[in-house]
Amino acid sequence: MFQLSWPAVIAMVFYGLNSLMDAFFVGRYIGDAAMAGVSMAYPLSQISTAFGSLIGVGAGSALSIALGANDRNTQRKAMGNVNMMTIVSTVAFMIFGLLLSKQLISVMGGTGEVLVQGNAYFRVTVFGSVFWIYGLAANMIIRAEGKMKTAAWMMGLGLGINILANYIFIVQLGMGVEGAAWGTNIGMFVYSILGWTYFARGKATFEAKVLSFRKDKAMIVNISRLGLASALMLIMNLVQSLVVFNALARFGTTADVAFYGVVYRLYQFLITPIFGLMRAVAPAIGINYGANQYERAIQSYKVFSVAALILTIPLWLITLIAPQSVLGLMITEQVITATQITFFRVFMAILPLMSFIYMAMTFFPAVDKGKPATIIGMARQFVFYVPVMLIVPRIFGVAGVYYGSFAIDAIIVIWTILMVNKEFRSLRKRAESIKAPKAA
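A brief structural summary. (Residues numbered from 1 in each chain as written. Predicted model: local features only at pLDDT ≥ 70, side-chain atom pairs only at ≥ 80, totals over all residues. Heavy atoms only, no water.)

### Focus: the overall build of the protein chain
- Scanning the protein chain from terminus to terminus reveals 16 helices and zero strands.
- Relative to a compact globule of 440 residues, whose C-alpha radius of gyration would be 22 Å, the protein chain shows 22 Å and is just as compact.
- With the C-alpha coordinates aligned to their principal axes, the bounding extent of the protein chain is approximately 70 × 50 × 35 Å.
- Looking at the 440 residues of the protein chain, the share that counts as buried comes to 57%.
- Of all intrachain contacts in the protein chain linking residues separated by at least 6 positions in sequence, the fraction that spans at least 24 positions is 83%.
- Accessible surface, the protein chain as shown: approximately 18,300 Å² in total, 68% of it carbon and sulfur. (Helix = DSSP H or I, 4+ residues; strand = E, 2+ residues; numbered from the N terminus. Rg over C-alpha atoms; globule rule 2.2 N^0.38 Å. Buried < 20%, exposed > 50% of the residue type's maximum accessible area, 1.4 Å probe, protein only. Contact = heavy atoms within 4.5 Å. Areas by Shrake-Rupley, 256 points an atom, 1.4 Å probe, with all protein chains shown as cover.)

Here it is, written out as structure tokens:
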């Protein structure tokens, strides 16, 4: 677990810091309306990240199989199809985003100055979407080769450039939310160039033709199939943000939207170690499952889940003990009230146990059961979040968003653990059926 995980965990923490530092600069140097607008625009900008994840995870999985099978034909075709999918998805997203940017922020609940700020931020991120998509896809392919350290330092350098650019554009030049967006675009540009250079210099373990473009239907379908679950997780976050921000905009104020935006980004940062462990647990479970070592597959889930829980606890405790200090780094225009502190603690209360959900999202596909993972991901949003956020805030106001979120995740944690235990029993019965003929 340690050998597989630590570079992946570091890489994902760097990625989480990218979002958190944006919130720091926007909240501290621009203001609440900007923070609210950026908070509404950020989930929409993650559509490009979903494309990058779809391509990167899918191509990385296909390449892993091709490397193991010594399938040089697939290896040679991989980057050509990645490039083609990147260009097509970028063009589609840019047309969609630029034509409907204002309407999309409005759908998220933006009005007035919040709408103006969110629209300005989102449009700039759309212009840089090719770097968001290609940068993430390239990094995931490098991880799929097993070169976690290489992927981590690339991500770290991109983050460093992003922070520097944000400081220059926002603090020194006063470019506002557009400066924050351009800072992120520049960071992703560097991230993309590092990935492209890695492949161009022949560092990959396969023949990477970085300037080729291919349209191999079978391979594109395969990449899409293998990467769909990863992309779906990000799209589901967009659905969650959509209903939550609309509830806050309707039953709260701009300050409430800005506060939730900071809380949610901090939450996402605190669970980034879990995402790193998710990347590493897949081969640990999948290889043991393929070798009929079912008990080892079960133990892998347990070890990685507990490790994820332990990793999240220290920073989680700090935020619960000193929320005013942590939130105050990103919120300067409003006084953080005792009620908001309570909301924050309620929202964060379930966080360590989320490791069991996220590991299950990897566990089920790794034991050739993709359907339960899809059901968990979609049920959390459509069965729970959408109706709860449409009904509960009407009764309890802004408080309903935080208490409702806690209740949803508590239910999903219990449900997920029951589903995983059911699969454990199924695997153990299968193991017994394999041993029985041998004993006979």
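### Section: the pattern of salt bridges
- Scanning the entire structure with this criterion turns up one salt bridge.
- Between Glu-295 and Arg-428 there is a salt bridge, with the nearest N and O atoms lying 3.1 Å from each other. Taken together, the positions of Glu-295 in helix H11 (residues 294–321) and Arg-428 in helix H16 (residues 398–439) put the pair 133 residues apart, joining distant regions of the chain.
- Residue classification places Glu-295 among the partly exposed positions, given a relative accessible area of 37%. (Salt bridge = Lys/Arg side-chain N within 4 Å of Asp/Glu carboxyl O.)

### Structural notes on empty space enclosed by the protein
- Summed over the entire model, instances satisfying the criterion amount to three cavities of 30 Å³ or more.
- Estimated volume of the largest cavity: approximately 100 Å³.
- Contributions of two or more residues to the lining of the largest cavity are made by helix H1 (2–29), helix H6 (148–172) and helix H7 (176–200).
- Partitioned by chemical class, the residues of the lining of the largest cavity number six nonpolar, five polar and no charged. (1 Å grid on protein atoms, 1.4 Å probe; cavity = no way out; pocket = protein on both sides within 12 Å on 5 of 7 lines; lining within 4 Å. Points joined across faces, edges and corners; volume = space filled by probe spheres on them. Nonpolar A, V, L, I, M, F, W, Y, C, P; charged D, E, K, R; others polar.)

### Notes on the environment of Arg-428
- On the accessibility criterion, Arg-428 (30% relative accessible area) is partly exposed.
- Along the backbone, Arg-428 and Met-79 are 349 residues apart, and their C-alpha atoms lie at a distance of 40 Å.
- Discounting residues that sit within four places of it in the chain, Arg-428 has contacts with Glu-295, Ile-298 and Lys-302.
- Within the structure, the side chain of Arg-428 is placed 3.1 Å from the side chain of Glu-295, a separation counted as a polar contact. (Polar contact = N/O pair within 3.5 Å; in protein donor to acceptor, adjacent residues only side chain to side chain.)

### Examining the nonpolar core
- In terms of nonpolar packing, the biggest core is built from 120 residues, with Tyr-260, Tyr-301, Leu-327, Met-348, Met-359 and Phe-363 touching the most fellow members.
- Per element, the largest residue contribution to this core is 13 residues, and it comes from H16.
- With residues near it in sequence (within four places) discarded, Tyr-260 still touches Gln-240, Val-244, Phe-245, Leu-248, Phe-347, Val-401 and Tyr-402.
- In terms of nonpolar packing, the next biggest core, distinct from the first, is built from 26 residues, Ile-55, Ala-78, Ala-137 and Met-154 among them. (Core = buried A, V, L, I, M, F, W, Y, C linked by side-chain atoms within 4.5 Å.)

### Here's the deal with the side chain of Ser-39
- Inspection of the secondary structure assignment puts Ser-39 in helix H2 (residues 32–68).
- A polar atom in the side chain of Ser-39 sits 2.6 Å from the backbone oxygen of Met-35.

### Concerning the packing of aromatic side chains
- All told, the structure shown has 20 aromatic pairs when counted by the stated rule.
- Ring centres of Phe-363 and Phe-364 lie 5.5 Å apart, and the angle between their planes is 70°; on these two criteria the pair is classed as edge-to-face.
- Phe-363 sits in the buried class, given a relative accessible area of 0%.
- Three or more aromatic residues joined by ring pairs make a cluster, and in this case those are Phe-245, Phe-259, Tyr-260, Tyr-264, Tyr-267, Phe-343, Phe-347, Tyr-402 and Tyr-403.
- The lysine or arginine in question, Arg-265, covers the ring of Tyr-42, its NZ or CZ lying 4.1 Å from the ring centre. (Phe/Tyr/Trp six-rings, centres within 6.5 Å; stacked < 30°, edge-to-face > 60°. Lys NZ or Arg CZ within 6 Å of the ring centre and 35° of its normal.)

### Quick look at the environment of Pro-393
- Within the secondary structure, Pro-393 is located in helix H15 (residues 370–396).
- Overall, Pro-393 belongs to the buried group, its relative accessible area being 1%.
- C-alpha of Pro-393 to C-alpha of Arg-76: the two residues are 317 residues apart in sequence and 53 Å apart in space.
- In contact with Pro-393, other than residues within four places in its own chain, are Ala-247, Phe-251, Val-388 and Val-401.

### A word on the packing of helix H9 (residues 254–270) against helix H10 (residues 272–290)
- Packing of H9 against H10 leaves a shortest axis separation of 4 Å and a crossing angle of 40°. Here H10 runs oblique to H9, going by the angle between their axes. Here H9 contributes Gln-268, Phe-269 and Leu-270 to the contact with H10, which in turn contributes Thr-272, Pro-273 and Phe-275.
- In terms of residue class, the contact of H9 with H10 is built from four nonpolar, two polar and no charged. (Axes fitted to C-alpha atoms, helices over the stretch in contact; angles between N-to-C directions. Parallel < 35°, antiparallel > 145°, perpendicular 65-115°, else oblique.)

### Re the environment of Met-330
- Tracing the backbone through its elements, the reader meets Met-330 in the loop between helix H12 (323–328) and helix H13 (338–348).
- Relative accessible area serves as the criterion here: at 5%, Met-330 is assigned to the buried category.
- Taking the C-alpha atoms as reference points, Met-330 and Ala-181, 149 residues apart in sequence, are found 17 Å from one another.
- Those residues in contact with Met-330 that lie beyond four places of it in its chain are Leu-20, Ala-23, Phe-24, Gly-27, Arg-28 and Val-262.

### Section: the packing of helix H5 (residues 129–144) against H6
- The geometry of H5 relative to H6 is characterised by a closest axis approach of 7 Å and an angle of 155° between their N-to-C directions. One element, H5, and the other, H6, form an angle in the roughly antiparallel class. Crossing hand, H5 versus H6: left-handed. Only Met-148, Thr-150, Ala-151, Met-154 and Met-155 of H6 make contact with H5, whose side of the interface consists of Asn-139, Ile-142 and Arg-143.
- Each residue belonging to the contact of H5 with H6 can be placed in one class, and the counts come to five nonpolar, two polar and one charged. (Left-handed = near helix turned anticlockwise from the far one by under 90°.)

### Considering the side chain of Ser-241
- Inspection of the secondary structure puts Ser-241 in helix H8 (residues 217–251).
- Once residues within four sequence positions are removed from consideration, Ser-241 is found in contact with Pro-43, Met-108 and Tyr-264.

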